[in-house]
Protein chains: 2
Amino acid sequence: MVETGNPAANALFLEDLHAGQRFSSGPHTIDEAQIKEFAAQFDPQPFHLDGEAAKATLFGGLAASGWHTAAITMKLLVESGLPLGGGIIGSGGEISWPRPTRPGDTLTVFSEIEDVTPSRSRPDRGMIRVRNETRNQHGEIVQILIAKLVVPRHSAASSAPRDAVPHPAES
Amino acid sequence: MVETGNPAANALFLEDLHAGQRFSSGPHTIDEAQIKEFAAQFDPQPFHLDGEAAKATLFGGLAASGWHTAAITMKLLVESGLPLGGGIIGSGGEISWPRPTRPGDTLTVFSEIEDVTPSRSRPDRGMIRVRNETRNQHGEIVQILIAKLVVPRHSAASSAPRDAVPHPAES
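What counts, and where the lines are drawn
Residues numbered from 1 in each chain as written. Chains lettered and ligands numbered in written order. Predicted model: local features only at pLDDT ≥ 70, side-chain atom pairs only at ≥ 80, totals over all residues. Heavy atoms only, no water. pLDDT = per-residue confidence, 0-100. Contact = heavy atoms within 4.5 Å. Salt bridge = Lys/Arg side-chain N within 4 Å of Asp/Glu carboxyl O. Buried < 20%, exposed > 50% of the residue type's maximum accessible area, 1.4 Å probe, protein only. Polar contact = N/O pair within 3.5 Å; in protein donor to acceptor, adjacent residues only side chain to side chain. Helix = DSSP H or I, 4+ residues; strand = E, 2+ residues; numbered from the N terminus. Nonpolar A, V, L, I, M, F, W, Y, C, P; charged D, E, K, R; others polar. Pairing = 2+ DSSP bridges. Least-squares fit on C-alpha atoms with pLDDT ≥ 70 in both.

Draft legend 1. Fine view of the confidence of the model for chain A. Residue and element names in this part refer to chain A. Put simply, chain A has an average pLDDT of 88, and 85% of its residues get 70 or more. Counting contacts from residues 1–7, a segment whose pLDDT is below 50, to residues more than four positions away or on other chains yields 10 contacts. Contacts of residues 159–171 to residues separated by more than four positions or lying in other chains number 13 contacts, the stretch itself having pLDDT below 50. Model confidence for the complex is summarised by a pTM of 0.88, with the ipTM given as 0.88.

And the structure:
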């Protein structure tokens, strides 16, 4: 489990990141009430709302909405998984749900930086690509999210104004 | 706006779908309270929680979590956007957020079937690829989701048992 402590103290910026770096989040346990509450608001389908009705469906029993798994993954990344100085700001990515999240599952997110690309037009920032595997307590993958994130440089966070005129990169 | 009525009456199955078919959802208006409530639970970062703090960030003001936009998109698809007989069951897809969702935005989802592929191993179902554009009241795209969905055939819904032994396709 990643040490969280003071977020500012261990915050990482673009210069601190490289392909192959790995992180892991704390746990989140999901229960039937959470699954039904999320589904009632955002994904009101029988397999997410009603355990009995779910038995006759493709899921074979109550399952969390994939978007609920995605939302919990984000919570875990923000709270403990990815200690990024500028916060976790995604422009998009690829998502898949190889198996459902079930009531009682304890989810943890395992992240690996796949790529770090400084911006050509904006010297105060860059993009990273991160593979995030959300696993249940059996180690089974319930979601894979390949996310593209915007990450500022140290200098941008400490002194450079937003939308500054381009200038040579620091290092 | 798509007519909803009795979902069973206008439900579409694999045989009913073809590339180029278009659908649109009803509207959902998001407010500051919804944005902050979702963020507090799933994406607790300053630009989603605090309008003042958000001004100094990349977003320049309060913005909804991308996962909130995704969850509202799912709600709109389920309630009115995609009248699929087997429900909306996604295996994954590609997602991007070209611009933020803001307090007061009214979102609508415009969907187009891009591809229909019968399953080779499971004659009772197939996969479709659907492009879903979530737009605000100005027609600006706040999310693009290219979703891969599992869709049953008519026959599977009416008579075939689940996990039936493969048999020749009906048509």
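There is more to say, and it comes next.
Draft legend 2. Layout of the pattern of salt bridges. Enumeration over the complete set of coordinates arrives at 20 salt bridges over all chains. As a salt-bridge pair, Glu 133 of chain A and Arg 131 of chain A come within 3.0 Å of each other at their nearest N and O atoms. Residue Glu 133 of chain A is classed as buried on the basis of its relative accessible area, which comes to 14%. The class for Arg 131 of chain A is partly exposed, based on a relative accessible area of 28%. The salt bridge partner of Glu 133 of chain B is Arg 135 of chain B, with a shortest N-O separation of 2.7 Å. The class of Arg 135 of chain B is partly exposed, set by a relative accessible area of 24%. What you see here is one network of salt bridges that share partners, running through Glu 114, Asp 115 and Arg 129 of chain A.

Draft legend 3. Representation of the interface of chain A and chain B in the model. Residue-level contacts link 38 residues of chain A with 37 residues of chain B. Between chain A and chain B we count zero salt bridges in total. One can count eight residue pairs in polar contact (both at pLDDT 80 or more) joining chain A with chain B. Breaking the side of chain A that touches chain B down by element, the ones donating at least two residues are helix 1 (32–42), helix 4 (66–81), strand 3 (89–96) and strand 6 (141–152) of chain A. Examining the composition of the side of chain A that touches chain B, we find that nine residues originate from one element, helix 4 of chain A, more than from any other. Looking at the side of chain A that touches chain B residue by residue, the classes come out as 19 nonpolar, 12 polar and seven charged. Pairing geometry for strand 3 of chain A and strand 3 (residues 89–96) of chain B, over five bridges, is antiparallel. By the bridge assignment for strand 3 of chain B, Ile 95 of chain A is matched with Gly 93 of chain B.

Draft legend 4. Quick look at the relation of the copies chain A and chain B. Rotating chain A by 180° about the axis while translating it 0.0 Å along that axis superimposes it on chain B, leaving an RMSD of 0.0 Å. These values place the two chain copies in the arrangement generated by a two-fold rotation axis. Using C-alpha coordinates, one finds that chain A approaches the rotation axis most closely at Glu 94 of chain A, a distance of 2.2 Å. Both copies contact each other with a shared surface, as 97% of the interface residues of chain A are interface residues in chain B too.

Draft legend 5. Summary view of the environment of Ile 113 of chain B. Residues and elements named next belong to chain B. Position of Ile 113 relative to the elements: it lies in strand 4 (residues 106–118). Ile 113 sits in the buried class, given a relative accessible area of 1%. Note: C-alpha distance between Ile 113 and Ile 146 (33 residues apart in sequence) is 9.7 Å. Not counting chain neighbours up to four residues away, the residues in contact with Ile 113 comprise Leu 17, His 18, Ala 19, Gly 20, Gln 21, Phe 23, Ile 128, Arg 129 and Val 130.

Draft legend 6. Main features of the environment of Ala 19 of chain A. All names here are of chain A. Of note, Ala 19 is situated in the segment before strand 1 (22–24). Spatially, the C-alpha atom of Ala 19 lies 5.1 Å from that of Asp 115, the residues being 96 residues apart in sequence. Those residues within four positions of Ala 19 in sequence are excluded, and the remaining contacts are Ile 113, Glu 114, Asp 115 and Val 116.

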